[in-house]
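Below, each chain spelled out in residue letters.
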Amino acid sequence: MTFFHFPKDFKWGTATASYQIEGAYNEGGRGMSIWDTFSRTPGKVFNGDNGDIACDSYHRYEEDIELMKKLGINTYRFSIAWPRIIPDGDGEINREGLDFYHRFVDKLLEAGIEPFCTLYHWDLPQTLQDEGGWENRRTVEAFVKYAEVIFKEFSGKINYWLTFNEPWCIAFLSNLLGVHAPGNQDLQTSINVAHGLLVAHGKAVKKFRELGTTGEIGIAPNMAWAVPYSKSREDQEACDRTIALNTDWFLDPIYKGHYPQFMVEWFEQAGATVPIQEGDMEIISQPIDLLGINYYTMGVNRYNPEAGVLQSEELNMGLPVTDIGWPVESRGLYEVLHYLQKYGNVPIYITENGACINDGIEKDTVADYRRISYLQQHMIQVHRAINDGINLKGYMAWSLMDNFEWAEGYRMRFGLVHVDYRSLVRTPKESFYWYQNVIKNNWIETRT
Ligand SMILES: N=NNCCOCCOc1ccc(-c2cn(C[C@@H]3NC[C@@H](O)[C@H]3O)nn2)cc1
């Protein structure tokens, strides 16, 4: 047997997001979000699924917290729905929305679980999208106003904060590839959105400091990792572009105060420029306290002029894949963590890592051993990185429970807990009990 011991103060948790679990889309004064609109647009979401009910966690959060206590986590990452707080985006504050999150956070604290709060996990108030969304500086100012409300309300209760979840998804998956809400397919729009959210991030961090809000604040990019198919310079450069668009495009402005020049020039060749205004880069590069990273998979890429704006084609190398088709390759997590050291030995939390494994219930059990194997492999890479001296502070599995997986609807299941979407009955899977043991022991054991 081999034992991989973790630091005694290592944070073990799980992660979810408001639109994916809450439901109650028209309750408690909530306004419409771009995901309510997108999921109602024919052809955008598998089976026409939407978040109207989801896991009904708006009503069942106490039951969910009991599951968290049973699992033994000490940290829980969740997101606040902006449309519950300011339903029309930048108008009146909805007290009922604030009271819901106070009840929820108080219950978490009562259970001895650290709240880890994401301010924006994709559910933009639709009214702001109607005025141009993140391309419009009005949305940026509205976000800072929303953030200020939350900082003032929850300072002292919440001590771990993230401004944005997965800026690559917000900007490029949603506005270049059109896969997520609002579904634009335009390079300049996606670059404008990326810049807008970065300015909003910086302004919110500045406001956080000015208010003297308790705790630490950061951002959670989703990581891409790609290794070249051949030793050619073209293939390596294609990988560089793929990695950079998820990482450097957002973290260079934050940590260095400028965009990665090679990517700026790449986009200029494609006819797109970054709409930088006076003072933007100074605001964006406000120092942050922590970095959340989301890792799922990696690719083997090669240069292909026909392969989208990055001219970087991901190849099928016959690796085992999860049920959403993503290759299982944990080495990318280790390499990404070392790649991030160019920003310094910054405090890092794995804010999402998990596998889409769609096993169902048989004889009251979900035998999701493939998820256990995935989690074990990735946690061993986390251990390796900590051993190398990387400042890795915690791990949050995506996700506590099966939930609305965006354009995939409910067919793709990432949860440690199975959710029956008709009855809303929660059933812990075998991976739940495996993770429960890891947390209890603060170590992983392998047979070899
Ligand atoms: N790359 N281009 N491909 C071209 C065509 O894209 C096809 C689809 O692409 C993607 C890429 C990435 C994702 C994704 C999903 N999650 C999981 C969520 N993370 C935040 C949390 O809410 C989880 O639900 N993380 N990333 C989805 C789709």
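Since the structure is predicted, the reported quantities are computational estimates derived from the model, not experimental observations. (Residues numbered from 1 in each chain as written. Predicted model: local features only at pLDDT ≥ 70, side-chain atom pairs only at ≥ 80, totals over all residues. Heavy atoms only, no water.)

*Asks:* Would you mind going over the packing of aromatic side chains with me for this structure?
*Replies:* What describes a pair of aromatic rings is the distance from one ring centre to the other and the angle between the planes of the rings. Overall, the coordinates contain 49 aromatic pairs when judged by the stated rule. Here tyrosine 19 and phenylalanine 404 contribute two aromatic rings whose centre-to-centre distance is 5.4 Å and whose plane-to-plane angle is 80°, an arrangement assigned as edge-to-face. On the criterion of sequence distance, the pair formed by tyrosine 19 in helix 1 (residues 18–21) and phenylalanine 404 in the loop between strand 12 (392–398) and strand 13 (417–419) is long-range, its members being 385 residues apart. In terms of burial, tyrosine 19 and phenylalanine 404 fall into one category: buried. Taken together, the ring pairs connect Tyr19, Trp35, Phe38, Trp122, Phe404, Trp406, Tyr410 and Tyr421 into an aromatic cluster. Stacked on the ring of tyrosine 25, the Lys or Arg arginine 40 has its end atom at 4.9 Å from the ring centre. Stacked on the ring of phenylalanine 100, the Lys or Arg arginine 84 has its end atom at 5.9 Å from the ring centre. (Phe/Tyr/Trp six-rings, centres within 6.5 Å; stacked < 30°, edge-to-face > 60°. Helix = DSSP H or I, 4+ residues; strand = E, 2+ residues; numbered from the N terminus. Buried < 20%, exposed > 50% of the residue type's maximum accessible area, 1.4 Å probe, protein only. Lys NZ or Arg CZ within 6 Å of the ring centre and 35° of its normal.)

*Asks:* So what exactly am I meant to see when it comes to unusual backbone geometry here?
*Replies:* The bulk of non-glycine residues show a negative phi, and the bulk of peptide bonds are trans. A cis amide bond links alanine 181 to the next residue, proline 182, at an omega of 5°. On the secondary structure map, proline 182 appears in the loop between helix 8 (167–175) and helix 9 (187–211). Residue serine 399 follows tryptophan 398 across a cis peptide bond; omega there is 10°. The residue serine 399 is located in the loop between strand 12 and strand 13 in this model. The residue alanine 24 is not glycine, and still its phi comes out positive at about 45°. In this structure, alanine 24 sits in the loop between helix 1 and helix 2 (34–39). Relative accessible area serves as the criterion here: at 4%, alanine 24 is assigned to the buried category. With a phi angle near 65°, asparagine 47 is a residue other than glycine that sits in the positive phi range. In this structure, asparagine 47 sits in the loop between helix 2 and helix 3 (57–71). Residue asparagine 47 is classed as exposed on the basis of its relative accessible area, which comes to 61%.

*Asks:* Would you mind going over the layout of surface pockets with me for this structure?
*Replies:* Where empty space is left can be seen by rolling a probe of water-molecule size over the atoms. Empty space within the largest pocket amounts to approximately 1,200 Å³. Around the largest pocket sit 45 residues that line it, and Trp168, Leu173, Asn222, Asn246 and Trp326 are the ones nearest its centre. Elements with a contribution of two residues or more to the lining of the largest pocket: helix 8, helix 10 (233–246), strand 9 (299–303) and strand 10 (312–315). If one sorts the elements of the lining of the largest pocket by residue count, helix 8 sits on top with four residues. Across the lining of the largest pocket, the residue classes break down as 26 nonpolar, 14 polar and five charged. Estimated volume of the second largest pocket: approximately 190 Å³. For the lining of the second largest pocket, the elements supplying multiple residues, two or more each, are strand 9 and strand 10. (1 Å grid on protein atoms, 1.4 Å probe; cavity = no way out; pocket = protein on both sides within 12 Å on 5 of 7 lines; lining within 4 Å. Points joined across faces, edges and corners; volume = space filled by probe spheres on them. Nonpolar A, V, L, I, M, F, W, Y, C, P; charged D, E, K, R; others polar.)

*Asks:* Any chance you could explain empty space enclosed by the protein here in plain terms?
*Replies:* This model, assessed by the stated rule, comprises three cavities of 30 Å³ or more. Taken as a whole, the largest cavity holds about 110 Å³ of empty space. Contributing elements (two or more residues each) for the lining of the largest cavity: helix 1, helix 3, strand 3 (75–79) and helix 5 (95–110). Considering only enclosed or pocket space, the second largest cavity measures out at about 50 Å³ in volume. Looking at the second largest cavity, the residues that line it are Ser18, Tyr19, Glu22, Gly23, Tyr25, Arg30, Gly51, Ala81, Arg84 and Asp123. Grouping the constituent residues of the lining of the second largest cavity by class yields three nonpolar, three polar and four charged.

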